[in-house]
Amino acid sequence: MKQVSYHADEQGFYGEFGGAFIPEMLYPNTEELRKSYLEITSRPEFQKEFKALLKDYVGRPTPLFYASRLSEKYQTKIYLKREDLCHTGAHKVNNTIGQILLAKALGKKRIIAETGAGQHGVATATVCALMGIECVVYMGALDIKRQAPNVARMKLLGATVRAAESGSKTLKDATNEAIRDWINNPVDTHYIIGSVVGPHPYPDMVARFQSVISEEIGSQLMEKEGRELPDYVIACVGGGSNAAGIYYHYLDRPEVKLVAVEAAGKGVDSGHSAATSALGKVGIIHGSKTLLMQTGDGQITEPYSISAGLDYPGVGPMHAHLFTSKRAQFISITDEKAMEAGRELAALEGIIPAIETSHAFAVFETLKCKKEDVVVVNLSGRGDKDLQTYIDYFEL
Ligand SMILES: *Cc1c(COP(=O)(O)O)cnc(C)c1O
């Protein structure tokens, strides 16, 4: 039997998912990346600079914290991988640091990005300021109104925020504008995509940059538990980058159970959901063949979740493959359960999580872990940005 790998092949396929389904005009751009990303990122001087910035700028390694009160409540050993302590408050910066160094190595003078809630836009504007590189962030006009604090952050960081005025004036319209810009500026511009989505090589490239998360866990668990492998690894999934990062070194270790947590919104069958694995069908989004929520005639369905970062109609191709091959267990969590889990983590451990992250903490009733199981949850981001949502929801 052929050895199954859960990593991307040379064409960027994870099983039947992935690849690069893009207009011909975009070929030169993705080809340049495809041909160079592995060679450049494996250069010793690249790795040296990447590791140094992750340490001194991002604040890595992030701690692996034993959550004793949460463990007591759910009668299992729960560890938190503290990505919320990264500079800018979430895991996203691991990827933007990697991509800005790649852009520099390719001689690019200008960065573009698209953003929905603004978190990826801020992480991109941050590394552009750090490197003194021009930054243009495309954002739906409606999102610009809804996410004023992140727009202000990007502007303070020196980025130009350009409004996408077409369609629903949200993320997919911003993505279209960014792609148009990239087609028009193939030589001097690099496009920083913020999750394990988009055409090859983006999903594999972003997963590799985020894999620092699981790379660190091995020695941290060895110190605390005397073994490198956890029994469970749990992460929330929007596009799937924090999950890809914490799964990465366990993908081909079947004894480690992978758990992916999606946003059910108001309920999987409510018509207001972002539970892609439950509702998605095979299709093409952002140049990648994957699972996405769509109507019978292939129109992408507007997703919904209380957390802006999980409000995405697809998942990356790695996750589509992990789902259909059953390598990972997918669980969807409603707004209500996520908000309660976020409040519980705050009260039991003194850590207020991002609402995206809260979804990952709502699975313990479903999972039924054993007392001796070692469970690692990716605490992907902190809740400061979500304070108003917590206030409104709990009438604080
Ligand atoms: C953006 C974001 C997510 C979702 O993105 P992934 O690519 O699925 O990781 C999850 N958590 C936080 C804190 C985020 O900011």
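The shown structure was predicted, so the numbers you read here are calculated from the model rather than taken from an experiment.

### Topic: the site of the ligand
Turning to step 1, where the next piece is worked out: As a structural note, the neighbourhood of the ligand is formed by 16 residues, with Lys 92, Ser 195, Gly 238, Gly 240 and Ser 241 the closest of them.
Turning to step 2, where the next piece is worked out: In the environment of the ligand, an oxygen atom lies 2.6 Å from a nitrogen or oxygen atom belonging to the side chain of Lys 92.
Turning to step 3, where the next piece is worked out: Contact distances for the ligand include 2.7 Å between an oxygen atom and a backbone N or O atom of Gly 240.
Turning to step 4, where the next piece is worked out: Taken together, the elements giving at least two residues each to the shell around the ligand come down to α11 (241–247) and α15 (355–360).
Turning to step 5, where the next piece is worked out: Here the shell around the ligand is built from residues that sort into 3 nonpolar, 11 polar and 2 charged.

### Some points on the sheet that holds strand β10 (residues 257–265)
Turning to step 1, where the next piece is worked out: Strand order in the open sheet formed by 6 strands is β3-β4-β14-β9-β10-β13, and the pairing between neighbours is mixed. In the strand order of this sheet, the two ends are held by β3 (64–66) and β13 (328–334), each with one partner. Neighbour-to-neighbour, the strand axes of the sheet open up by a mean angle of 25°, direction not taken into account.
Turning to step 2, where the next piece is worked out: Two elements, β10 and β13, share 7 bridges in a ladder whose sense is parallel. Bridge assignment links Val 259 to a residue of β13, and that residue is Gln 329.
Turning to step 3, where the next piece is worked out: On top of the sheet, helix α14 (residues 335–349) reaches β3, β4 (77–81), β10 and β13; it is set at about 95° to β13, its chief contact.

### As for the sheet that holds strand β8 (residues 189–191)
Turning to step 1, where the next piece is worked out: Spatially, the 4 strands line up as an open sheet ordered β7-β6-β5-β8, and their pairing is parallel. Among the strands making up the open sheet, the edge pair consists of β7 (160–164) and β8. Direction aside, neighbouring strands of the sheet carry axes that sit 25° apart on average.
Turning to step 2, where the next piece is worked out: Two strands pair when backbone bridges link them, and strand β5 (residues 110–115) and β8 are joined in this way by 3 bridges, in the parallel orientation. Within the sheet, the bridge partner assigned to Arg 110 lies in β8 and is Thr 189.

### Focus on the environment of His 249
Turning to step 1, where the next piece is worked out: Note on placement: His 249 falls in the loop between α11 and β10.
Turning to step 2, where the next piece is worked out: Since its relative accessible area comes to 38%, His 249 is described here as partly exposed.
Turning to step 3, where the next piece is worked out: His 249 sits 96 residues away from Leu 345 along the chain, and the two C-alpha atoms are 27 Å apart.
Turning to step 4, where the next piece is worked out: Beyond its immediate sequence surroundings of up to four residues, His 249 is in contact with Ser 211, Ser 214 and Glu 215.
Turning to step 5, where the next piece is worked out: Separated by 3.4 Å, the side chain of His 249 and the backbone nitrogen of Glu 215 make a polar contact.

### Section: helix α1 (residues 27–41)
Turning to step 1, where the next piece is worked out: In this model, α1 (15 residues) spans 21 Å end to end at C-alpha, consistent with the 21 Å of a helix rising 1.5 Å per residue.
Turning to step 2, where the next piece is worked out: At Lys 35, α1 shows its maximal bend, which comes to roughly 35°.
Turning to step 3, where the next piece is worked out: For α1, the set of buried residues is Asn 29, Thr 30, Leu 33, Ser 36, Tyr 37, Ile 40 and Thr 41.
Turning to step 4, where the next piece is worked out: Among the structural elements, α2 (44–58), α4 (92–105), α8 (171–184), β8 and α9 (202–210) are those in contact with the buried residues of α1.

### Description of the packing of α14 against helix α17 (residues 387–394)
Turning to step 1, where the next piece is worked out: Where α14 meets α17, the axes come as close as 12 Å, and the angle between the chain directions of the two elements is 105°. Relative to α17, the element α14 is oriented roughly perpendicular. Judged by residue contacts, Glu 336, Met 339, Glu 340, Gly 342 and Arg 343 of α14 engage Thr 389, Tyr 390, Tyr 393 and Phe 394 from α17.
Turning to step 2, where the next piece is worked out: A class-by-class count of the residues in the contact of α14 with α17 yields 4 nonpolar, 2 polar and 3 charged.

### Some details on the side chain of His 91
Turning to step 1, where the next piece is worked out: With respect to the helices, strands and loops of the structure, His 91 is situated in the loop between β4 and α4.
Turning to step 2, where the next piece is worked out: His 91 gets classed as buried once you look at its relative accessible area, which sits at 6%.
Turning to step 3, where the next piece is worked out: For His 91, the residues in contact, after removing those within four places along its chain, are Glu 83, Gln 210, Ile 213, Ser 241, Asn 242 and Ser 380.

### As for the domain arrangement of the protein chain
Turning to step 1, where the next piece is worked out: What the domain assignment reports for the protein chain is domain 1 (14–53 + 92–206) and domain 2 (61–89 + 211–394).
Turning to step 2, where the next piece is worked out: Taken together, the 30 residues of domain 1 in the interface contact 31 residues of domain 2.
Turning to step 3, where the next piece is worked out: Here Glu 16 and Lys 289 are joined by a salt bridge, their closest N and O atoms 3.8 Å apart.
Turning to step 4, where the next piece is worked out: Counting across the interface, domain 1 meets domain 2 through 5 residue pairs in polar contact (both at pLDDT 80 or more).
Turning to step 5, where the next piece is worked out: For the side of domain 1 that touches domain 2, the elements supplying multiple residues, two or more each, are β2 (17–18), α4, α5 (119–131), α8 and α9.
Turning to step 6, where the next piece is worked out: Looking at the side of domain 1 that touches domain 2 residue by residue, the class counts come to 13 nonpolar, 13 polar and 4 charged.

Calculation criteria
Residues numbered from 1 in each chain as written. Predicted model: local features only at pLDDT ≥ 70, side-chain atom pairs only at ≥ 80, totals over all residues. Heavy atoms only, no water. Near = heavy atom within 4 Å. Polar contact = N/O pair within 3.5 Å; in protein donor to acceptor, adjacent residues only side chain to side chain. Helix = DSSP H or I, 4+ residues; strand = E, 2+ residues; numbered from the N terminus. Nonpolar A, V, L, I, M, F, W, Y, C, P; charged D, E, K, R; others polar. Pairing = 2+ DSSP bridges. Axes fitted to C-alpha atoms, helices over the stretch in contact; angles between N-to-C directions. Contact = heavy atoms within 4.5 Å. Buried < 20%, exposed > 50% of the residue type's maximum accessible area, 1.4 Å probe, protein only. Expected span 1.5 Å × (residues − 1). Bend = angle between axes of the 7 residues up to and from the residue. Parallel < 35°, antiparallel > 145°, perpendicular 65-115°, else oblique. Domains from an automatic or database assignment. Salt bridge = Lys/Arg side-chain N within 4 Å of Asp/Glu carboxyl O.

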